[in-house]
Amino acid sequence: MRPLNRIKPVGEPSDYQTFSITSPPDRRVKAACEQANCTAWRYGWQSVIDESTTLGQTQAAYIRQRSGRTFREQRTGEGLTVFSFDSGQRCFAEHRTRPEIYAVQGGDWRQLSGPVQRHTRAADWQEHFGEHQLRLVDLRQRG
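What you see is a predicted model; the values in this text were computed from it and never measured.

Asker: It is not clear to me how the overall build of the chain should be interpreted in this structure. Could you clarify?
Answerer: What the chain contains, in helices and strands, is 4 helices and 6 strands. Each helix and strand of the chain, placed in order from N terminus to C terminus, yields the pattern β-α-α-β-α-β-β-β-β-α. By the compact-globule yardstick of 15 Å for 143 residues, the chain is too spread out, its C-alpha radius of gyration being 24 Å. Taken along its principal axes, the extent of the C-alpha atoms in the chain is 75 × 35 × 25 Å. Within the chain, buried positions represent 26% of all 143 residues.

Asker: Explain the side chain of Asp 108 here, please?
Answerer: If you trace the backbone, Asp 108 turns up in strand E5 (residues 101–108). Look at Asp 108 and you get buried, because its relative accessible area is 7%. A polar contact is formed between the side chain of Asp 108 and the side chain of Arg 110, at a distance of 2.8 Å. Ignoring sequence-local partners within four residues, the contact set of Asp 108 consists of Pro 9, Pro 13, Tyr 16 and Thr 18.

Asker: I tried to follow the packing of aromatic side chains on my own but got confused; where do I start?
Answerer: For any two aromatic rings, the description comes down to two numbers: the centre-to-centre distance and the angle of the planes. Enumeration according to the criterion identifies 10 aromatic pairs in this entry. Ring plane angle 90 degrees and centroid distance 5.9 Å describe the contact between Trp 45 and Phe 92, whose orientation is recorded as edge-to-face. Taken together, the residues span a long stretch of sequence, with Trp 45 in strand E2 (residues 45–49) and Phe 92 in the loop between strand E4 (81–85) and E5 at a distance of 47 residues. Grouped by ring-pair contacts, the aromatic residues Trp 45, Tyr 62, Phe 71, Phe 83, Phe 85 and Phe 92 constitute a single cluster.

Asker: How should I be thinking about the pattern of salt bridges in this particular structure?
Answerer: Opposite charge on two side chains allows them to pair when their charged atoms are near. Counted under the stated rule, the structure contains 6 salt bridges. In this structure, Arg 75 engages Glu 51 in a salt bridge whose closest nitrogen and oxygen atoms are separated by 3.5 Å. Residue Arg 75 is located in strand E3 (residues 71–75), and its partner Glu 51 is located in the loop between E2 and helix H3 (54–65); the two are separated by 24 residues in the primary sequence. A salt bridge links Glu 73 to Arg 64; the shortest N-O distance between them is 2.6 Å. Residue Arg 64 is classed as partly exposed on the basis of its relative accessible area, which comes to 36%. Overlapping salt bridges bring together Glu 51, Arg 64, Glu 73 and Arg 75 as one network.

Rules behind the numbers
- Residues numbered from 1 in each chain as written.
- Predicted model: local features only at pLDDT ≥ 70, side-chain atom pairs only at ≥ 80, totals over all residues.
- Heavy atoms only, no water.
- Helix = DSSP H or I, 4+ residues; strand = E, 2+ residues; numbered from the N terminus.
- Rg over C-alpha atoms; globule rule 2.2 N^0.38 Å.
- Buried < 20%, exposed > 50% of the residue type's maximum accessible area, 1.4 Å probe, protein only.
- Polar contact = N/O pair within 3.5 Å; in protein donor to acceptor, adjacent residues only side chain to side chain.
- Contact = heavy atoms within 4.5 Å.
- Phe/Tyr/Trp six-rings, centres within 6.5 Å; stacked < 30°, edge-to-face > 60°.
- Salt bridge = Lys/Arg side-chain N within 4 Å of Asp/Glu carboxyl O.

Now the structure itself:
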């Protein structure tokens, strides 16, 4: 692992705040499409695959052998394979079904301190961040 090359901050850790946005992993895979109100889950979908390419062959093999989904398969006049999937099953997209966590904590990378403040809305976190940046500008101008 490459060592971090950080510039030593001018102030003390207590002079700073650490802002973070995290998104916990989606562990409820079977419910993810329904929770995300996915149109593919609701109405079904089609995947058109060109099996004349290596990528297309890999995708088709996955759908047929390992996807675990119910589908109908057709060939088009252009030599493409169309997989038609019924509604009510997990699609191939990754949905963000869990909200992001917008957090602010006192301190910086040298020493975090105090309670973590969590914002429920991105706009509130953004406003907090902007106000903190303005505070830092004011402190710098004062010397």
